[in-house]
Amino acid sequence: MAPTREEAWALVEEWVQSESLRKHLLGVEAAMVAYAGKWGEDQEMYAVTGLLHDLDYERYPDLDSGHPRKALELFEERGYPQELIDAVAGHASFLGVPRETQMAKTLFAVDELSGFIAACALVRPTGIDGLTPKSVKKKLKQPSFAAGVNRDEVRQGAEELGVDFDEHVAFVIGAMEERADELGLAVTSA
């Protein structure tokens, strides 16, 4: 059975100490919930999948033996739905797990992008307010900016989801903007 949103957040609090990683998980959750609403999918299932997708990243950052394998083991032990497990496995391209469900494709499409949008917002005096797809795309062309973000996966995510790239970027910005205060992306006073 899937955890509730509250149970998922309790796991995040137990496993994740980094404030920036917690904010990333909340940003992915915001985008997942928005897409679930758009498509009439289970918003709580999308929410917990977004919250839990990087659960073990801080404790087990080694991609060869750790993340996301340790979280996947935990989810299996707890009897979480296969759809959630497959989506979390699928967001890690290096595991080679196909993204077959709408939820798995959505997680992959919003994960790197939401992190990149947050990075863009953090360097603007107005935060996420007024951030446009055009300025996000401009930053994507600068390899040194948020260098850890895989640009190919950002584009591939939108393609797999079957959405126009600009519309996808705008949609994720909108979802994150609604939770700007919680994500630390609101206007900063000078």
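Throughout this description, residue numbers start from 1 for each chain and increase along the sequence as written. It should be noted that, the model being predicted, local features are given only for residues of pLDDT at least 70 and side-chain atom pairs only at 80 or more, the latter also being counted only at that level, while totals for whole chains, interfaces and linings use all residues. As a rule here, side-chain values come from all non-hydrogen atoms in the structure, and water together with hydrogens is ignored.

A.B. asks: Where do I start with the side chain of Thr-106 in this structure?
C.D. replies: Note on conventions: DSSP H or I runs of at least 4 residues are helices, E runs of at least 2 residues are strands, and numbering of each starts at the N terminus. Among the structural elements, Thr-106 can be located in helix H6 (residues 102-122). Partly exposed describes any residue whose relative accessible area lies between the buried limit of under 20% and the exposed limit of over 50%, with all areas from a 1.4 Å probe on protein chains only and scaled to the type maximum. Residue classification places Thr-106 among the buried positions, given a relative accessible area of 0%. Think of a polar contact as two N or O atoms within 3.5 Å of one another; within protein, one of them needs to be a possible hydrogen donor and the other a possible acceptor, and neighboring residues in sequence only count if both atoms come from side chains. Of note is the side chain of Thr-106, whose polar atom sits 2.7 Å from the backbone oxygen of Gln-102. For Thr-106, the residues in contact, after removing those within four places along its chain, are Met-32, Tyr-35, Trp-39, Tyr-46 and Leu-161. Residue contacts follow a heavy-atom distance rule, with two residues in contact if any of their heavy atoms lie within 4.5 Å.

A.B. asks: How should H6 be read in this particular structure?
C.D. replies: Residues spaced three or four apart along an α-helix face the same direction, because each turn holds 3.6 residues. Across its 21 residues, H6 extends 30 Å between first and last C-alpha, which sits within 8% of the 30 Å expected from 1.5 Å per residue. By definition, a residue's bend is the angle between the axes fitted to the seven residues ending there and the seven starting there. Val-110 marks the point of greatest bend in H6, at about 25°. Of all 21 residues making up H6, 16 are buried, and the element is well covered by its neighbours. Helix span, expected: 1.5 Å multiplied by one less than the number of residues in the helix.

A.B. asks: Sorry if this is basic, but what is going on with a nonpolar patch on the surface here?
C.D. replies: Patch building starts from residues that exceed 30% relative accessible area and form no salt bridge, then joins like charges within 9 Å and nonpolar side chains (Val, Leu, Ile, Met, Phe, Trp, Tyr) within 5 Å. We get accessible surface area from the Shrake-Rupley algorithm with a probe of 1.4 Å; when it comes to residues, only the shown protein chains can shield them. For salt bridges, the criterion is a side-chain nitrogen of Lys or Arg within 4 Å of an Asp or Glu carboxyl oxygen. A contiguous nonpolar surface patch, about 280 Å² in accessible area, is contributed by Tyr-57, Leu-63 and Phe-94. By the element assignment, Phe-94 lies in the loop between helix H5 (82-91) and H6.

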